[in-house]
Amino acid sequence: MADETSSTHSTEHHAPASRPSGGHSGSSSHSGPGAGPRTPRPAGAPSGGPGGRKFFRRKKVCKFCVEKIDSIHYRDVRLLQQFVAERGKIVPRRLTGVCTPHQRRLTAAIKRARNIALLPFAAR
C-alpha cells in the first residue's frame, strides 16, 4: 500500500516536467506575482540604471486656441510654414500640440496653399 502512494506521487511530480517547454511562446519568462497584466516600469533611466527623469515634458497646448485664432487662411504663409517640415511634410499633431479641429483646418489650408504654389509640395 505504501508503494502505491509513493508511485502515484512520483508520477504526479514527473508529469509537469515531461510537458514540452515550447507550448507557450514567450510566456516562460513571466512567472510569479507579475504573470498577469504588465506592470509599469520602475521610475528611473530607460536602461534600468539609477537616476530619475532627466527633463520635464510640458503638456503641449494648441497655439490657435491660446491665441484665439478662429480662422486659418491659406494665404497666411508665415503661419503655415511653422507646421510644415523642411521636406515639405505636414507636421503631426503629437509634435506640434495643435488640437484636432485646428489640425484639420491647418491641413486644409496647407493643401490649398500648395495648390496655388504658395507652399512647396516637397523640398528640393
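Our structure's up above, just so we're on the same page.
In this text, all values refer to a predicted model and were calculated from it rather than measured experimentally. Numbers given to residues run from 1 along each chain, matching the order in which its sequence is written. Totals for whole chains, interfaces and linings use every residue, but because this is a predicted model, local features are given only for residues with pLDDT of at least 70 and side-chain atom pairs only at 80 or more, for both listing and counting. To obtain the side-chain values, all non-hydrogen atoms of the structure were used and water was disregarded.

**Looking at the side chain of Gln103**
Working step 1: Helix and strand definitions follow DSSP, with helices as H or I runs of at least four residues and strands as E runs of at least two, each counted in order from the N terminus. Among the structural elements, Gln103 can be located in helix α5 (residues 100-115).
Working step 2: With residues near it in sequence (within four places) discarded, Gln103 still touches Ile90, Val91, Pro92, Arg93, Thr96 and Val98. Any two residues whose heavy atoms approach within 4.5 Å are treated as being in contact.

**Comments concerning the environment of His73**
Working step 1: As for its position among the elements, His73 is in the loop between α2 (63-66) and α3 (77-81).
Working step 2: Along the sequence, His73 and Leu106 sit 33 residues apart, while their C-alpha atoms lie 8.4 Å from each other.
Working step 3: Not counting the four nearest positions on each side in its chain, His73 is found in contact with Leu80 and Ala109.
Working step 4: Within the local environment of His73, its side chain forms a polar contact with the side chain of Ser71, the two groups lying 3.3 Å apart. Contacts described as polar in this section are N or O atom pairs within 3.5 Å, which, within protein, must combine one atom able to donate a hydrogen with one able to accept it, while residues neighboring in sequence count only if both atoms come from side chains.

**A look at the packing of aromatic side chains**
The geometry of an aromatic ring pair is captured by two quantities: the separation of the ring centres and the angle between the planes.
Working step 1: Aromatic rings from Phe, Tyr and Trp, taking only the six-membered ring of Trp, are treated as a pair when their centres fall within 6.5 Å; an angle between ring planes under 30 degrees marks them as stacked, one over 60 as edge-to-face, and anything in between as tilted. Taken as a whole and judged by the stated rule, the model has one aromatic pair.
Working step 2: Only when the NZ of Lys or the CZ of Arg is both within 6 Å of the ring centre and within 35 degrees of the ring normal is a charge said to sit over the ring. Over the aromatic face of Tyr74 sits the side chain of Arg75, whose NZ or CZ is 5.7 Å from the ring centroid.

**Concerning the side chain of Thr107**
Working step 1: Along the polypeptide, Thr107 turns up in helix α5.
Working step 2: Each residue gets one of three labels from its accessible area relative to the maximum for its type: buried under 20%, exposed over 50%, partly exposed in between, using a 1.4 Å probe on protein chains only. The exposure class of Thr107 is buried, given its relative accessible area of 18%.
Working step 3: A polar side-chain atom of Thr107 sits 2.8 Å from the main-chain carbonyl oxygen of Gln103.

**Topic: the nonpolar core**
Here is a general trend for soluble globular proteins: nonpolar side chains tend to be buried in one another's company.
Working step 1: We call a set of buried Ala, Val, Leu, Ile, Met, Phe, Trp, Tyr and Cys residues a nonpolar core when their side-chain atoms join them within 4.5 Å. The biggest cluster of nonpolar side chains holds 13 residues, and the ones touching the most others in it are Phe64, Ile72, Leu80, Phe83, Leu106, Ile110 and Leu119.
Working step 2: Secondary-structure elements contributing two or more residues to this core are α3 and α5.
Working step 3: A per-element tally of this core places α5 first, with four residues.
Working step 4: Excluding its chain neighbours within four sequence positions, the residues that come into contact with Phe64 are Ile69, Ile72, Leu79, Phe83, Val98, His102 and Leu106.

**Examining a nonpolar patch on the surface**
Working step 1: Taken together, the side chains of Tyr74, Ile116 and Leu118 present a nonpolar region at the surface, about 250 Å² in accessible area.
Working step 2: Along the chain, Leu118 turns up in the segment after α5.
Working step 3: Given a relative accessible area of 36%, Leu118 falls into the partly exposed group. Patch members must show over 30% relative accessible area and no salt bridge, and they are joined within 9 Å when carrying like charges or within 5 Å when they are nonpolar side chains of Val, Leu, Ile, Met, Phe, Trp or Tyr. To be clear on the numbers: accessible area is Shrake-Rupley with a 1.4 Å probe, and residue cover counts the displayed protein chains and nothing else. Here a salt bridge means any side-chain nitrogen of Lys or Arg lying within 4 Å of a carboxyl oxygen belonging to Asp or Glu.

Any functional reading would require information beyond the geometric quantities listed.
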